[in-house]
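Residue-level listing of the chains:
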Amino acid sequence: MKQHNAQCVFCAIIAGDAPASVVHRDDRCIAFMNLRPLHIGEFMVIPLVHIDHFTDMPDDLAAHIMVVGQRLGRRMMEVYNPKRVGYVVHGFGVPHAHLNVVPLHESSDIVSAKHIVGTEAGFRIAHDAVPLRCRADLDADAAKLRSDQ
Ligand SMILES: [Zn+2]
């Protein structure tokens, strides 16, 4: 298992070489706000070691990431009052395992409907279709979700 990948933006965040609005960090994982949230409050939990596929994580690490996502998901319910908290793992985008924790206000939020863009040929997935949220707002969002607040 590779500890760090020099080409990986998530590894750069873990090393402190790229910015992130951090919600939680412990000796095995870090949670930070999504730059392009479908709804305010969306964040992700990732292992500190570079592992591409979520299914390749050791059982105890995968379980720990789910527990952190669940605890912070409870906080998300308190702070943002969505109908439900969704958990999404797909792995397209950054090849470093990540658990997306998504406030769900409508059922289509779980399938990231806002990422679907119509084209002449039909539809395509566009990860940049959702606008960037500015760092100051992301930092404020992270502060609301931190359990020490
Ligand atoms: Zn990585």
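Our structure is the block above this text.
Residues numbered from 1 in each chain as written. Predicted model: local features only at pLDDT ≥ 70, side-chain atom pairs only at ≥ 80, totals over all residues. Heavy atoms only, no water.

1. A closer look at the sheet that holds strand β4 (residues 84–88)
Inclusion rule: Note: two strands are recorded as paired if DSSP finds a minimum of 2 bridges between them. Elements are defined by DSSP. Helices are runs of H or I of four residues or more, strands are runs of E of two residues or more, and each kind is numbered from the N terminus. What counts as an axis is a line fitted to C-alpha atoms, over the stretch in contact for a helix, and the angles between N-to-C directions run from 0 to 180 degrees.
Read from one edge to the other, the open sheet built from 5 strands follows the order β1-β2-β3-β5-β4, with strand pairing classed as antiparallel. Single-partner strands in this sheet number two, and they are β1 (22–25) and β4. Neighbouring strand axes in the sheet, compared pairwise and without regard to direction, differ in orientation by 20° on average. Pairing between strand β2 (residues 29–33) and strand β3 (residues 43–47): 5 bridges, direction antiparallel. Counted as the bridge partner of C29 is P47 from β3.

2. Description of the pattern of salt bridges
Applicable threshold: The term salt bridge refers to a pairing of a side-chain nitrogen on Lys or Arg with a carboxyl oxygen on Asp or Glu at a separation within 4 Å. Exposure classes here rest on a 1.4 Å probe applied to the protein chains alone. A residue is buried below 20% of its type maximum, exposed above 50%, and partly exposed in between.
Per the counting criterion, the structure on display carries 4 salt bridges. The closest approach of N and O atoms between R28 and D27, which form a salt bridge, is 3.9 Å. Looking at R28, the relative accessible area reads 35%, which means it is partly exposed. In this structure D27 comes out as exposed when scored by relative accessible area, which is 65%. A salt bridge links R133 to D141; its shortest N-O distance comes to 2.7 Å. A relative accessible area of 2% means that D141 is categorised as buried.

3. Regarding the side chain of N100
Relative to the assigned elements, N100 resides in strand β5 (residues 99–104). Assessed through its relative accessible area of 6%, N100 is described here as buried.

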